[in-house]
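Listed here are the chains, written in short residue letters.
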Amino acid sequence: MKDTTFKYLLDTIRDKSAFLCLIDPDKLEINQSIEVAQLYAENGADAILIGGSMMMNNWFSDTIKEIKKQVNIPLIIFPGIFNFVCPHADALLMLNMLSSRNPQVLINEQVRSAPLVYHSKLEVIPTAYLLIESGSLSSVQYMSHSFPIPRLKSDIAVAHSLAAQYMGQKLIYLEAGSGAVLQVPDEMIKAVKEHIDVPLIVGGGIRTPELAYEKATAGADIIVVGTALENIDNPLIIKEFADAIHKKK
């Protein structure tokens, strides 16, 4: 499994933060997902994450296959459950939810998905997924039966991030959750970034370009935006997010 997508991300964040947009196929028909992906690619997104907490509809693989025909930026699977695997994507984030103490998300889901990933020949990017308290009960928190890291306890986030790095994770993902009321605090982003040597992803509740810029300047190497771009009337907002995130650090 070549790590070309991971290298692409590393190259992208050499002198700026990267902008990743999230598509949840459960919320869109296939043709809508294609249109949204094209808007993302045309307006400055560096890559697209695709996935969600569940799989209510049965067109995950078809959606990825059709999107790949239309866009030339990487399409990366952001799995919610073990069978979020499709060989048509460029890569898959192999999530290890280290903030949890639930074995289902620490190892069971990864073991169940491993044979599917092996046969898909997907590029795998080991990613430590740390859920951060966000002021509301998020889908991932509910589905994973996990307590988030308290938002005012940066030392706990740092310790988890260091453990993840020492265990070989290639990315650290601080996640407030989809549609979060509160974002990952700047102080926590700064503290984690000061202690780790691998790229830092931040997502959840980032509703404006100004907030995205704030998280980038705090130390986030990659910013993920999802809910804020759902049902957008003006595609220019995507470019505004891209411009804010791409400002030189």
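Now for a quick tour of the structure. (Residues numbered from 1 in each chain as written. Predicted model: local features only at pLDDT ≥ 70, side-chain atom pairs only at ≥ 80, totals over all residues. Heavy atoms only, no water.)

### Remarks on the overall build of the protein chain
Turning to step 1, where the next piece is worked out: When its secondary structure is counted, the protein chain shows 9 helices and 8 strands.
Turning to step 2, where the next piece is worked out: Here the C-alpha atoms of the protein chain give a radius of gyration of 16 Å, agreeing with the 18 Å that 2.2 N^0.38 yields for 249 residues.
Turning to step 3, where the next piece is worked out: Taken along its principal axes, the extent of the C-alpha atoms in the protein chain is 45 × 40 × 35 Å.
Turning to step 4, where the next piece is worked out: For the protein chain, buried positions account for 54% of its 249 residues.
Turning to step 5, where the next piece is worked out: For the protein chain, long-range pairs separated by at least 24 residues make up 73% of all intrachain contacts whose partners lie at least 6 apart in sequence.
Turning to step 6, where the next piece is worked out: The centroid of the 22 positive side-chain charges in the protein chain is displaced by 5 Å from the centroid of its 28 negative side-chain charges. (Helix = DSSP H or I, 4+ residues; strand = E, 2+ residues; numbered from the N terminus. Rg over C-alpha atoms; globule rule 2.2 N^0.38 Å. Buried < 20%, exposed > 50% of the residue type's maximum accessible area, 1.4 Å probe, protein only. Contact = heavy atoms within 4.5 Å. Lys, Arg positive; Asp, Glu negative; His and termini not counted. Charge placed at Lys NZ, Arg CZ, Asp CG, Glu CD.)

### Things to note about the packing of helix H2 (residues 30–42) against helix H3 (residues 60–68)
Turning to step 1, where the next piece is worked out: Between H2 and H3, the least distance of the axes is 9 Å, while the angle of their chain directions is 40 degrees. The orientation of H2 with respect to H3, classified from their angle, is oblique. Helix-helix and strand crossings are classified by hand; for H2 and H3 the assignment is right-handed. Packed against H2, whose contacting residues are Ile30, Ser33, Ile34 and Ala37, the element H3 presents Asp62, Thr63, Glu66 and Ile67 at the interface.
Turning to step 2, where the next piece is worked out: Taken together, the residues of the contact of H2 with H3 break down into 4 nonpolar, 2 polar and 2 charged. (Axes fitted to C-alpha atoms, helices over the stretch in contact; angles between N-to-C directions. Parallel < 35°, antiparallel > 145°, perpendicular 65-115°, else oblique. Left-handed = near helix turned anticlockwise from the far one by under 90°. Nonpolar A, V, L, I, M, F, W, Y, C, P; charged D, E, K, R; others polar.)

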